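Architecture and fold: a report
One-letter residues, chain by chain:
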Amino acid sequence: MFVWKRSLSILAVTALIGILAACGGNGETRNNAASTAKPANNAPTEQTASDNEPVKLRIMWWGSQPRHEATLAALDLYTKNNPNVTFEPEYSGMDGYLDKLSTQAAAKNAPDIVQLDPGWMPDWMSRDQLIDLSPEVDVSKFDEKLLSGGQLNGKQYAMPLGSVAFGMVYDKAAMDKLGIANPQNGWTWDDFFALAKESKSKLPKGQYFSLDYGGNYFVYSAYQYAKGKGQVITDDGHFNVDQATFVEWAAKFEELRKEGLVPPADVNASDKENDPQMDLMAAGKVLMRYSFSNNLGTWDSIKPGAYALVTMPRAEEAGGWLKPSMFLAVTNNSKYAVEAKKFVDWFVNSQEAADILQTFRGLPANKDIAASLEAGMSELDKVGLGLLRATEPDGQKWSAGAGGWTNFIDKDWVLVRDQLMFEKVTPEQAFEQLKEAAQSYEK
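Computed from a predicted model, the values in this text were never measured in an experiment.

1. So, the overall build of the protein chain
- Across its full length, the protein chain carries 16 helices and 13 strands.
- With 443 residues in all, the protein chain has 56% of them scored as buried.
- The long-range share in the protein chain, meaning contacts at least 24 apart out of those at least 6 apart in sequence, stands at 79%.
- A total accessible area of about 17800 Å² is found for the protein chain, and carbon and sulfur atoms account for 49% of it.

Put into structure tokens, the structure is as follows:
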């Protein structure tokens, strides 16, 4: 199970054919998700504003600056088309996003419309924090494999915004300058660690091969998958970290740490992804880090022409995966739920929205929108699509996994990660701590 970066080998770039989806602004849309469950007891009474009644919708998302700018432009266009609807946007990077949103939801003050990671969906749906999107949102142009992550008991609670591949981004310009070989699609974890050691004599002081991933949940998940050991947490809610594989992984990074091939712990802990000042790769301090297929444009905006993408290293099996990039949902405390759902329909189904939003949230999940954008993709987007296509043949299966494990991954695992990084525990002790912490989450 992954909190926000999981896999799906059969989740190909969904068939790119068909007729453009309707904009949905008039509400005459359809929803094909069956409605077999009883309404939640705390489901709100959905109010509908009159045509001229002012409606202000709060909307919250995370992302990079290019995603922020595109989303704000889309909101402006929606208000132009619907003058009575305005927005109060709340946006940030990923760090702290879930904590802030969870605090708001607990106080029954969540925004009307929220962007959610796929891994959060089981918890949010099971706690009745979202509302059914039917009948306002048309799901007819979406692959069922993508829709399923936003469904519970036959109801569609969130719409997938895109599909992405989990891989790596590297500083090609810096590696070429230093005479370090570029990684190639299909490379292995043995190749990764060998290339790290080969780079030692070529790296100047203060520059490192990669971030320290010795205790990173997501990259370790890729390693365990590649070793054929399956999910770190099973779909039925059981701790499944393979002890020998975890100890081996942590020990390899312990060695890289001692050899100066990953940053010192305090430097590594300062990294903030996509921040032009705090991101260690953007600052030229590391050559490689994990990334998604839709993020190359963001990297390029920081240092044009410098970066390239490569598949996640593999072993006996693939290490990377394809997944829904994120979901868009309406919360259960929205005072204008119908208007919020109409906006969601426009956001995911209209060509005019897609022309602005492009691929900043991955290749659009709407099949017709994806086809229309692919024809005019920029060279950067084509590189991202290349990573997606290189991952799809045998990429790992994505799963939203069991609910109730978010704190284990976001808090317990992070504590153990930091202890490993600062060498307060051995790899063996780190495994035992994770195993003990997992007991309170076991189903």
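From this point, things continue past the structure.
2. A word on empty space enclosed by the protein
- Evaluation of the coordinates by the stated rule reveals 2 cavities of 30 Å³ or more.
- One number sums up the size of the largest cavity: a volume of about 180 Å³.
- Considering the residues around the largest cavity, the lining is formed by 16 residues, among which Leu-161, Phe-347, Leu-357, Gln-358 and Pro-364 are closest to the centre.
- In terms of residue class, the lining of the largest cavity is built from 11 nonpolar, 4 polar and 1 charged.
- Volume-wise, the second largest cavity comes out at about 120 Å³.
- As for the second largest cavity, its lining consists of 15 residues, of which Ser-293, Asn-294, Asp-381, Gly-384 and Leu-385 are closest to the centre.
- Those elements giving two or more residues to the lining of the second largest cavity turn out to be β7 (162-171), α10 (296-302) and α14 (379-391).

3. Examining helix α8 (residues 243-258)
- Its 16 residues give α8 an end-to-end C-alpha distance of 22 Å, which sits within 8% of 22 Å, the value for a rise of 1.5 Å per residue.
- Taken as a whole, α8 has its buried residues at Thr-245, Phe-246, Val-247, Trp-249, Ala-250, Phe-253, Leu-256 and Arg-257.
- Immediately beyond the C-terminal end of α8, within one or two residues, lies Gly-260, with a positive phi of roughly 75°.

4. A look at the nonpolar core
- Trp-189, Phe-192, Phe-246, Trp-249, Phe-408 and Trp-413 are the most contacted members of the largest nonpolar core, which totals 73 residues.
- Sorting elements by how many residues they give to this core places helix α7 (residues 217-226) first, with 8 residues.
- Among all residues touching Phe-192, those that are not within four sequence positions of it are Met-168, Trp-187, Phe-209, Ser-210, Phe-253, Met-288 and Pro-313.

5. Brief notes about the pattern of salt bridges
- Scanning all chains against the criterion turns up 17 salt bridges.
- A salt bridge links Arg-389 to Glu-374, with the shortest nitrogen-to-oxygen separation between them at 3.3 Å. A residue pair is termed long-range when its members are at least 10 positions apart, and Arg-389 in helix α14 and Glu-374 in helix α13 (residues 367-375) qualify at 15 residues.
- For Arg-389, a relative accessible area of 34% translates into the label partly exposed.
- Where Glu-379 meets Lys-382, a salt bridge forms, and the shortest distance between an N and an O atom there is 3.5 Å. Residue Glu-379 and its partner Lys-382 are located together in helix α14, separated by 3 residues, close to a single helical turn.

6. Re the packing of α8 against helix α15 (residues 406-421)
- As a packed pair, α8 and α15 sit with axes 11 Å apart at the nearest point and diverge in direction by 40°. Viewed along their axes, α8 and α15 adopt a mutual orientation that is oblique. Contacts between α8 and α15 involve Phe-246, Ala-250 and Arg-257 on the former and, on the latter, Trp-413, Leu-420 and Met-421.
- Classifying every residue of the contact of α8 with α15 by side-chain character gives 5 nonpolar, no polar and 1 charged.

7. Notes on the packing of aromatic side chains
- Going through the model one piece at a time under the given rule, you end up with 41 aromatic pairs.
- Where Tyr-217 meets Trp-413, the ring centres are 5.0 Å apart and the plane angle is 85°; that geometry is what we call edge-to-face. With Tyr-217 in helix α7 and Trp-413 in helix α15, this pair connects stretches of sequence that are 196 residues apart.
- Directly above the ring of Phe-193 sits Lys-252, whose terminal nitrogen or CZ lies 5.0 Å from the centroid.

8. So, unusual backbone geometry
- For the bond running from Ser-134 to Pro-135, omega is 0°, close enough to zero to count as cis.
- By the element assignment, Pro-135 lies in the loop between α3 (121-126) and α4 (144-147).
- Positioned with a positive phi, Asn-153 is a non-glycine residue whose angle comes to about 50°.
- Look at Gln-358: it is not a glycine, yet its phi comes out positive at around 50°.
- Within the secondary structure, Gln-358 sits in the loop between α12 (351-357) and β13 (363-364).
- Classification of Gln-358 by relative accessible area gives partly exposed; the value is 31%.

9. Quick word on the confidence of the model for the protein chain
- With 88% of its residues at a pLDDT of at least 70, the protein chain reaches an overall mean of 88.
- In the predicted structure, residues 1-44 sits below a pLDDT of 50 and forms 158 contacts with residues beyond four places in sequence or in another chain.

Calculation rules
- Residue numbers restart at each chain and count upward from 1, following the sequence in its written direction.
- Per-residue local features of the predicted model are confined to residues with pLDDT of at least 70, and side-chain atom pairs are confined, for both listing and counting, to 80 or more; whole-chain, interface and lining totals are unaffected and use all residues.
- Water and hydrogen atoms were dropped before computing side-chain values, which therefore reflect all heavy atoms in the structure.
- Each helix corresponds to a stretch of at least 4 residues labelled H or I by DSSP, and each strand to a stretch of at least 2 residues labelled E; elements are numbered beginning at the N terminus.
- Burial classification: accessible surface area is computed with a 1.4 Å probe over protein chains only, and a residue below 20% of its type maximum counts as buried, one above 50% as exposed, and the rest as partly exposed.
- Note on definitions: a residue-residue contact is assigned when non-hydrogen atoms from the two residues lie within 4.5 Å.
- Only the protein chains shown count as covering a residue, and every accessible area follows the Shrake-Rupley method with a 1.4 Å probe.
- Both site types are read off a 1 Å grid over the protein atoms alone. A 1.4 Å probe that fits but cannot get out defines a cavity, while an open set with protein on both sides within 12 Å along at least five of seven lines defines a pocket; lining residues have an atom within 4 Å of a point.
- Grid points are joined across faces, edges and corners, and a volume is the space filled by probe spheres set on the points.
- Gly falls in the polar group here, along with every residue not listed as nonpolar (Ala, Val, Leu, Ile, Met, Phe, Trp, Tyr, Cys, Pro) or charged (Asp, Glu, Lys, Arg).
- Expected span of a helix, by definition, is 1.5 Å for each gap between consecutive residues, and there is one gap fewer than residues.
- Side-chain atoms within 4.5 Å link the members of a nonpolar core, which is a set of buried Ala, Val, Leu, Ile, Met, Phe, Trp, Tyr and Cys residues.
- Salt bridges are identified by distance alone: a Lys or Arg side-chain nitrogen within 4 Å of an Asp or Glu carboxyl oxygen.
- Each axis is a line fitted through C-alpha atoms, taken for helices only over the stretch in contact, and angles between the N-to-C directions span 0 to 180 degrees.
- The cut-offs work like this: below 35 degrees is roughly parallel, past 145 is roughly antiparallel, 65 to 115 is roughly perpendicular, and the gaps in between are oblique.
- Centres within 6.5 Å make a pair out of two Phe, Tyr or Trp rings, where for Trp the six-membered ring is used; the pair is then stacked when the planes are under 30 degrees apart, edge-to-face when over 60, and tilted otherwise.
- Charge over a ring is defined by NZ of Lys or CZ of Arg lying within 6 Å of the ring centre and within 35 degrees of the ring normal.
- Every residue carries a pLDDT, the predictor's confidence in it, which falls somewhere between 0 and 100.

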